[in-house]
Amino acid sequence: MQEPDREIESIEEFDQVVARGTLAGFRVQSVDLTGRTAALLSTDTSESVFLGCPMETEAAAKVRAGGALVFPPVPDLPFDPYRGSLYSPAELFENLTEHGYARTPDALAYAWFQRTKTDGDIFASMLRSIHDDAVSDALDEFLVGTRVVGVMGGHALKRGSEGFAGAARLGRALARTGLTVATGGGPGAMEAANLGAYAAPHDDAVLDEALELLGKTPSFRPSIGAWAEAAFAVRERWPDGGASVGIPTWFYGHEPPNAFASHIAKYFANATREDGLLARSTAGVVFLPGAAGTVQEIFDNATPNYYESRGEPTPMVLVDRDHWTRRLPTWPLLEALAKGRSMKARIALVDSVDEAPEALLSMLG
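Every chain begins its residue count from 1, and numbering advances along the sequence as written. Two thresholds apply to this predicted model, a pLDDT of at least 70 for residue-level local features and 80 or more for giving and counting side-chain atom pairs, whereas whole-chain, interface and lining totals are computed over all residues. Here the side-chain values reflect all heavy atoms present in the structure, with hydrogen atoms and water set aside.

Under an unreviewed UniProt entry, the name given to the protein chain is LOG family protein, and the organism recorded is Streptomyces asiaticus subsp. ignotus.

Encoded structure:
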């Protein structure tokens, strides 16, 4: 298996490796090498792989002849299938102010997905798979050495509501314990938790002010553009926010990514996205009140905890006793599953969102 330090994902890394004398066995991801022809002509590239790296014709011919595999860039795509890093909010929302949301990379990628997802073209499905695998690789590299806590909740929660403010306080509290907050990356409760993590380095008044400003644009409907611009206005007013992860999907194209997750792993395949989010939540998951999607996530997480297929069970905290015992009685079934198993000590039901961090931390030990 290729070691992470054999991957080159920037021109700076490329120059450093070339200075050491060989590119043999390296994997170069989406680096523009049109200005590095001399280096490519004079350096050993045997058994190396170039993924979506623009280069001059002479250089491409030489590295192929020298035993390298070259996967050239794919023209006219609104995304890079070979990307070596996670997305940023600025990248996905580029052109928002000048041309509106419809001309952003995020919207263009969704439009491409809509055109190709059912046309049976194996080339399009291959590009989606390569992209999603590259995103997973970048996500794993970013999360090395971190303890990740997932926050799950519905997209319908509106800015300005007490539920939104509570989810934001939760994200802030979890981030301040040193955990990396990860969400589904969309609006609603997901945005709120990412917002809280963003506000964590600032004093408490910043989150209160940010919530007030965002409340003037409660939802991404009817205008995704206005909703996103409100978030970027908050980021501009209070820069240098805390890091967190958003893991959204173009499968739900009507749900835009939120701008408060500093690192965004956006997928075409929703199944890959959902399983990956839960599997990477090594410090447990907090489940806020939600509907069918959140219920599905609870049991998607409970199953590996039940069988211990990912190792020791990780904490699960369900927030809002009335919601999970009366409206959608998920807790009794979860409790019944846990009986007599080691996961019993790793599940908790709390009344309010402000109780969730303590409940989670007590199970982490």
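Burial analysis of strand β5 (residues 148-152) places five of its five residues in the buried class, the great majority of the element. Burial classes follow relative accessibility: with a 1.4 Å probe on protein chains only, a residue under 20% of its type's maximum area counts as buried, one over 50% as exposed, and anything between as partly exposed. Each helix is a run of H or I in the DSSP string that is no shorter than four residues. Each strand is a run of E no shorter than two, and both are numbered from the N terminus. Burial along β5 is two-sided: V148, G150 and M152 and V149 and V151, pointing in opposite directions, are all buried. Note: two strands are recorded as paired if DSSP finds a minimum of 2 bridges between them. Relative to strand β6 (residues 180-183), β5 is paired through three bridges, and the arrangement is parallel. Bridge pairing in β6 places V148 opposite T180. Crossover connection from β5 via helix α8 (residues 162-176) to parallel β6: handedness right-handed. For β5 and strand β9 (residues 285-287), the ladder comprises three bridges, and the chain directions are parallel. Bridged to V151 within β9 is V286. Seen with the strands pointing away from the viewer, any crossover whose path from the first strand over the helix to the second strand runs clockwise is right-handed.

This brings us to the packing of aromatic side chains. Two rings from Phe, Tyr or Trp (for Trp, the six-membered ring) form a pair when their centres sit within 6.5 Å of each other. Planes less than 30 degrees apart are called stacked, planes more than 60 degrees apart edge-to-face, and all others tilted. Taken as a whole and assessed by the stated rule, the structure comprises twelve aromatic pairs. Taken together, a centroid distance of 5.6 Å and an interplanar angle of 80° make the contact between F93 and F232 edge-to-face. Taken together, the residues F93 in the loop between α4 (89-92) and α5 (96-99) and F232 in helix α11 (residues 224-237) connect sequence positions 139 residues apart. Judged by its relative accessible area of 4%, F93 falls in the buried class. Centre to centre, the rings of F251 and Y252 are 5.1 Å apart; their planes meet at 80°, and the pair counts as edge-to-face. On the accessibility criterion, Y252 (30% relative accessible area) is partly exposed. The rings of F79, Y87, W112, F113, W250 and F268 are connected pair by pair, giving a single aromatic cluster. Should the NZ of a Lys or the CZ of an Arg lie within 6 Å of a ring centre and within 35 degrees of the ring normal, that charge is described as sitting over the ring. Between the NZ or CZ atom of R83 and the centre of the ring of Y87, over which it lies, the distance is 3.7 Å.

With 43 residues, the main nonpolar core has L174, L195, V286, L288 and V317 as its most contacted residues. Looking at this core, the elements with two or more residues in it are β5, α8, α9 (189-199), α10 (204-214), α11, β10 (316-319), β11 (347-350) and α16 (356-364). The contact partners of L195, leaving out residues within four places of it in the chain, are F164, A168, L207, A210, L211, L214 and F260. Formed by 39 residues, the second largest nonpolar core is a distinct cluster that contains L143, M152, W250 and L334. By convention a nonpolar core is built from buried Ala, Val, Leu, Ile, Met, Phe, Trp, Tyr and Cys residues, the set being connected through side-chain atoms within 4.5 Å. Contacts between residues were defined by any pair of non-hydrogen atoms, one from each residue, lying within 4.5 Å.

Side chains of β11 alternate between two faces, with I347 and L349 and A348 and V350 buried alike. Across four bridges, β10 lies against β11 in parallel orientation. The residue bridging M316 from the neighbouring strand is I347, located in β11.

Moving on: the sheet that holds strand β2 (residues 27-29). Taken together, four strands build an open sheet; the order of strands is β1-β2-β3-β4 and the sheet is parallel. Sheet topology places β1 (7-8) and β4 (69-71) at the edges, where each strand pairs with a single neighbour. Relative to strand β3 (residues 49-51), β2 runs parallel, the two being bridged by three bridges. Its bridge partner lying in β3, V28 is registered against F50.

That bond from R221 to P222 is cis: its omega, 10°, falls within 30 degrees of zero. Looking at the secondary structure, you find P222 in the loop between α10 and α11. Here D240, not a glycine, exhibits a phi torsion of approximately 60°, which is positive.

Attention now moves to the pattern of salt bridges. A pairing counts as a salt bridge when a side-chain nitrogen of Lys or Arg comes within 4 Å of a carboxyl oxygen of Asp or Glu. Inspection of every chain in the model, using the stated rule, returns 14 salt bridges. Note that R83 is salt-bridged to E91, the shortest N-O span being 3.0 Å. Relative accessible area serves as the criterion here: at 31%, E91 is assigned to the partly exposed category. Note that R172 is salt-bridged to D204, the shortest N-O span being 3.6 Å. With R172 in helix α8 and D204 in helix α10, the pair connects residues that are 32 residues apart, well separated along the chain. A single salt-bridge network, built from bridges that share partners, covers E162, R169 and D354.

Side chains that are three or four residues apart share a direction in an α-helix, a result of its 3.6 residues per turn. Taken residue by residue, helix α1 (residues 11-19) has F14, V17 and V18 as its buried positions. The buried side chains of α1 occupy one side of the element, clustering within an arc of 100° when seen end-on. Tucked inside the fold, the buried residues of α1 contact β1 and α2 (37-42). Positioned one or two residues after α1, G21 has a phi angle of 110°, which is positive. The arc in question is formed by the directions pointing from the helix axis toward the C-beta atoms.

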